[in-house]
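# Results of the structural survey
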Amino acid sequence: MIKHHQLNDIEITSYYTAKQGNWCSGDAFYVSSGDEYVICAVVDGLGSGEEAMEASSAVIKVIEAHKDESVEVLMDKSNKELWQKRGAVMTIMKIDQRTQEIIYSNVGNIGCIFYPPSGKLVRPIPSRGYLSGKRQKFKAQRISFEKGMTFILYSDGLTFDPVFHQFMAKTPSTKKAMEQVIGGMADTSDDTTILIGKVSLGV
């Protein structure tokens, strides 16, 4: 399923599908906005099926209830929520429109790439492991952004054609970028969630 979201001055297109043969997906995502920020998250419950779906859905509910908190706090609350549940991996970020920076935090193999129009793509450093309820320390990275920057968050159901990176840096819209990604997908052996965003504000 493809859906378009317009949040303040940021457009995001989402794609969400279950593993072939499954009625539910172990992935979940969240996009929303608050006072001078936009928040995005992609969560992948470990494995697949109902238990994975329950884990990822539980994390999304935590984020929705506490979205005004910092990304470090949201990571911590999400981790605690998964005590005695199936674990999950997650990437979450806030686009702060006041300070014009992106605050990013991650645990596990949710991919994230930024494409500034004026330079080389930026891949934030992921953290190993997964959310399980065990005590962890979560850190945030801060990335400056500029007008026209695009980004992609994706679960491990997506594999990239290298040509796509060139397209993303120059894409006119998130819808067209998503069409390009989905058109190149051949493997449906895993749940897949993709968020593609474009920042329209900046200096």
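Structure's up top.
Fair warning: this is a prediction, and the values are worked out from it, not measured in the lab.

### Concerning the nonpolar core
Most often, soluble globular proteins have nonpolar side chains that are buried together. Counting residues in hydrophobic clusters, the biggest one holds 22 residues, and the most contacted among them are Ile 12, Cys 40, Met 93, Ile 95, Ile 102 and Phe 114. With sequence-adjacent residues up to four places away left out, Ile 95 is seen in contact with Ile 10, Glu 36, Tyr 37, Val 38, Glu 101, Ile 102, Phe 145 and Phe 151. In this structure, Val 43, Met 75, Ile 103 and Phe 138 belong to the second largest nonpolar core, which totals 21 residues.

### Points about the packing of helix H1 (residues 50-65) against helix H2 (residues 71-81)
Two quantities define a packed helix pair, namely the angle between the helix axes and the distance between the axes. It is at 9 Å that the axes of H1 and H2 come closest, and there the two elements cross at 140°. Considering the angle they form, H1 stands oblique to H2. Viewed along their axes, H1 and H2 form a crossing whose handedness is right-handed. Of H2, the residues touching H1 (which contributes Ala 58, Val 59, Val 62 and Ile 63) are Leu 74, Lys 77, Ser 78 and Glu 81. Its residues placed into classes, the contact of H1 with H2 shows five nonpolar, one polar and two charged.

### Here's the deal with the environment of Thr 150
Tracing the chain through its elements places Thr 150 in strand S9 (residues 150-154). On the basis of relative accessibility, which here comes to 1%, the residue Thr 150 falls in the buried class. Each C-alpha atom of the pair Thr 150 and Ser 118 lies 11 Å from the other, and the pair is 32 residues apart in sequence. Other than its neighbours up to four places away in sequence, Thr 150 contacts Ile 113, Phe 114, Tyr 115, Met 168, Thr 171, Gly 197 and Lys 198.

### Details of the pattern of salt bridges
A side chain with one charge can pair with a side chain of the opposite charge if their charged atoms come near. If you walk through the whole model with that rule in mind, you get five salt bridges. Salt-bridge contacts for Lys 85 lead to Glu 81; the nearest nitrogen and oxygen are separated by 3.4 Å. Since its relative accessible area comes to 40%, Lys 85 is described here as partly exposed.

### Thoughts on the sheet that holds strand S8 (residues 141-144)
In space, the five strands of this open sheet follow the order S3-S4-S5-S6-S8, with antiparallel pairing throughout. Of all the strands in the sheet, the pair left with one neighbour each is strand S3 (27-34) and S8. The sheet shows a mean angle of 15° between the axes of neighbouring strands, direction not considered. By the bridge criterion, eight bridges tie S3 to strand S4 (residues 37-45) in an arrangement that is antiparallel. Bridge pairing in S4 places Tyr 30 opposite Ala 41. Strands in contact with H2 are S4, strand S5 (88-96), strand S6 (101-107) and S8; relative to S5, the strand with the most contacts, it is inclined by about 155°.

### Re the sheet that holds S9
What the five strands build is an open sheet, ordered S1-S2-S10-S9-S7; its pairing is antiparallel. Of all strands in the sheet, those with a lone pairing partner are strand S1 (2-7) and strand S7 (111-115), marking the two edges. Taking the axes of each pair of neighbouring strands and ignoring which way they run, one obtains an average angle of 15° across the sheet. Pairing of S7 with S9, which is carried by five bridges, proceeds in the antiparallel orientation. Within S9, the position partnered with Phe 114 by the bridge is Phe 151.

The rules behind the values
- Residues numbered from 1 in each chain as written.
- Predicted model: local features only at pLDDT ≥ 70, side-chain atom pairs only at ≥ 80, totals over all residues.
- Heavy atoms only, no water.
- Core = buried A, V, L, I, M, F, W, Y, C linked by side-chain atoms within 4.5 Å.
- Buried < 20%, exposed > 50% of the residue type's maximum accessible area, 1.4 Å probe, protein only.
- Contact = heavy atoms within 4.5 Å.
- Axes fitted to C-alpha atoms, helices over the stretch in contact; angles between N-to-C directions.
- Helix = DSSP H or I, 4+ residues; strand = E, 2+ residues; numbered from the N terminus.
- Parallel < 35°, antiparallel > 145°, perpendicular 65-115°, else oblique.
- Left-handed = near helix turned anticlockwise from the far one by under 90°.
- Nonpolar A, V, L, I, M, F, W, Y, C, P; charged D, E, K, R; others polar.
- Salt bridge = Lys/Arg side-chain N within 4 Å of Asp/Glu carboxyl O.
- Pairing = 2+ DSSP bridges.

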